[in-house]
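# Breakdown of the fold
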Amino acid sequence: MKLHEYQSKDLLARFGVTVPGGDVTSDPAEAKAIADRYNGKVVVKAQVLMGGRGKAGGVKLFNDSSEAAAFTKELIGKRLISIQNPDGMIVEKVLIAEQIDIAEEYYVSVLLDRAAGNLVVMLSSEGGMEIEEVAEKTPEKIIRIPVDPAWGLEAFQVRAAVAESGINKIAQGQMVKMILQLVKAYQETDADLIEINPCALTPEGKLLAADAKVSIDENALFRYPEYASAMEDGADDPIEAEAAKLGIAYVRLGGDIGVIGNGAGLVMCSLDEVNAAGGRPANFLDVGGGAKAERVKTCVELVMKDPNVKGLLINIFGGITRGDEVAKGIMEALEQLKLTIPVVARVEGTAAEEALAILKTSSIVGATTMQEAAGKIVELAYK
Ligand code: GDP
Ligand code: MN
């Protein structure tokens, strides 16, 4: 999961990394107040999770607070499009950062080297531009420092590598320190990528992370409740973000048949069956084990947040999960949401008969096999 630049900088600052001051906002008046703290000398930076924001017009330097505020107003709600992200992303927040004078721009990142089975630090004196371009044109300008999984990274190793990297002598000591901090941050937050581009050297000889990209392994996020809010912000899809908050396994798939089941395997089979019947699944949703009526209702509500859904397939194999609880949940959701789209339910296993008896009192269509259920929902939804 990618964190925004301001979240990445906050996280890295906790590990001692020097970052320019600043604050995030979506309000032009507040932007002006933040810019005033730096006498108007700021950079306004769109907080969107895509590369190449500078080229896309999402990063601009100012020497006047009112102009920074005006640009904030212009950016909020605007769709930024870059080469890396042709669909673009809407700007919801901007970072008003202290503008630093930059004499030189470097590149530094920490990532996993899968082939070698260890972390690697990549360092280059050629920062600011896309690292892929440097790798292509002047690969000798990228230094790789492997991190031994058993011994870790030793300062002498980093010092030797930094000395050969071609970065300014006055910045070398600070760079060694920053690299050790970045590796520590990577290991202690279960990150899967940390990238500083540019890592800026000021004319006064100070080294700062002028931009920062951190991505954290989302399966480890439960260990870092302090980043939970970042998680809501970071998810690209608003329904997925809400599902994550509720602890429900939901993935948006882009089709129009909503799918709910219990157990990841059963849900995946249901998706296959919908496909085989000629339908396009809208989502994956696993209600989890032992779901009660209330949770099933929440799940139906979640799936129905996708405006494309025109049919709903529910496939439950009762084990610990009781069929009648599921049926009650579906009924409550139908009532509350006043659903008019077709719903097909296949309920098997524990309390299946009770479930079918409940469902019979409604407009829900019953089915005994998964294939039958998929065929029916596709027929009804695309009629
Ligand atoms: P990106 O395009 O999404 O990678 O956004 P960056 O944060 O890297 O900003 C793009 C470029 O703007 C950087 O490479 C810098 O050249 C420039 N820039 C960003 N912040 C500052 C700053 O504080 N001072 C100066 N002088 N330039 C900056
Ligand atoms: Mn950058």
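Right, let's walk through the structure included here. (Residues numbered from 1 in each chain as written. Chains lettered and ligands numbered in written order. Predicted model: local features only at pLDDT ≥ 70, side-chain atom pairs only at ≥ 80, totals over all residues. Heavy atoms only, no water.)

### Observations regarding the coordination of the manganese ion (ligand 2)
As a reminder, the rule being used: Only N, O and S atoms count as donors, using a 2.8 Å cut-off from the metal and 3.2 Å for Na, K and Ca, and because water is excluded some sites may appear unfinished. For the purposes of this entry, the term helix denotes a DSSP run of H or I that reaches at least four residues, the term strand denotes a run of E that reaches at least two, and both are numbered from the N terminus. Exposure is judged per residue with a 1.4 Å probe applied to protein chains only, and the accessible area is read against the type maximum: over 50% gives exposed, under 20% gives buried, and values in between give partly exposed.
Taken together, Asn-197 (O) and Asp-211 (OD) make up the protein donors of the manganese ion (ligand 2), found 2.2 Å from the metal. Of this pair, Asn-197 sits in strand β10 (residues 191–201) while Asp-211 is found in the loop between β11 (207–209) and β12 (213–216), placing the two residues 14 residues apart along the sequence. Of the two residues, Asn-197 and Asp-211, neither departs from the other in class, the shared state being buried.

### Regarding the site of ligand 1
Here is the rule: Near residues are defined by distance, with any heavy atom within 4 Å of the molecule or strand qualifying the residue. In protein, a polar contact means a hydrogen-donor-capable atom and an acceptor-capable atom, both N or O and within 3.5 Å, with residues adjacent in sequence counting only if both atoms are side-chain atoms; elsewhere, any N or O pair within 3.5 Å suffices. We get accessible surface area from the Shrake-Rupley algorithm with a probe of 1.4 Å; when it comes to residues, only the shown protein chains can shield them. In the scheme used here, Gly and all other residues not listed as nonpolar or charged are polar, with Ala, Val, Leu, Ile, Met, Phe, Trp, Tyr, Cys and Pro taken as nonpolar and Asp, Glu, Lys and Arg as charged. The domain limits used here are those given by an automatic or database domain assignment.
Lining the immediate surroundings of ligand 1 are 16 residues, of which Lys-45, Arg-53, Gly-54, Ile-100 and Glu-105 lie closest. The contact in question runs from an oxygen atom of ligand 1 to an N or O atom on the side chain of Glu-105, over 2.7 Å. One nitrogen or oxygen atom from the side chain of Asp-211 is found 3.1 Å from an oxygen atom belonging to ligand 1. When isolated, ligand 1 has an accessible area of 560 Å², and the protein chains bury 79% of it. Elements represented by at least two residues in the shell around ligand 1 include exactly β2 (41–46), β3 (59–63) and β10. Its residues placed into classes, the shell around ligand 1 shows six nonpolar, five polar and five charged. There are two domains that each give the shell around ligand 1 at least three residues, and those are domain 1 (21–98) and domain 2 (104–225).

### Some words on the environment of Asn-219
In this fold, Asn-219 is placed in the loop between β12 and α7 (228–234). It is 21 Å that separates the C-alpha atoms of Asn-219 and Lys-9, two residues lying 210 residues apart in sequence.

### A short note on the environment of Leu-95
The condition that has to hold: In what follows, a contact means two residues having at least one pair of non-hydrogen atoms within 4.5 Å.
By the element assignment, Leu-95 lies in strand β6 (residues 94–98). Relative accessible area serves as the criterion here: at 5%, Leu-95 is assigned to the buried category. Residues Leu-95 and Tyr-6, spaced 89 residues apart in sequence, show a C-alpha to C-alpha distance of 6.7 Å. Not counting residues within four places of it along the chain, the set of residues in contact with Leu-95 comprises Glu-5, Tyr-6, Lys-9, Gly-22, Asp-23, Val-24, Val-43, Val-44, Lys-45 and Gln-47.

### Digging into the packing of helix α5 (residues 155–164) against helix α6 (residues 169–188)
Rules: Angular values range over 0 to 180 degrees, each being the angle between N-to-C directions of two axes fitted as lines to C-alpha atoms, with helices fitted over their stretch in contact. Note on terminology: angles under 35 degrees are roughly parallel, angles over 145 are roughly antiparallel, angles of 65 to 115 are roughly perpendicular, and the others are oblique. Helix crossings fall into two classes, left-handed where the near helix is turned counterclockwise from the far one by less than a right angle and right-handed where it is turned clockwise.
Two elements in contact, α5 and α6, have axes separated by 9 Å at closest approach and are oriented at 130°. Comparing their axes, α6 and α5 come out oblique. Judged by the twist between their axes, the crossing of α5 over α6 is right-handed. Of α6, the residues touching α5 (which contributes Ala-155, Val-158, Arg-159, Val-162 and Ala-163) are Gln-172, Met-175, Val-176, Ile-179 and Leu-180.

### What about unusual backbone geometry?
The peptide bond linking Asn-197 to Pro-198 adopts the cis configuration, its omega dihedral lying at 10°. Phi is positive for Asn-39, close to 55°, though the residue is something other than glycine. Among the secondary structure elements, Asn-39 is positioned in the loop between α2 (28–37) and β2. The residue Asp-190 is not glycine, and still its phi comes out positive at about 55°.

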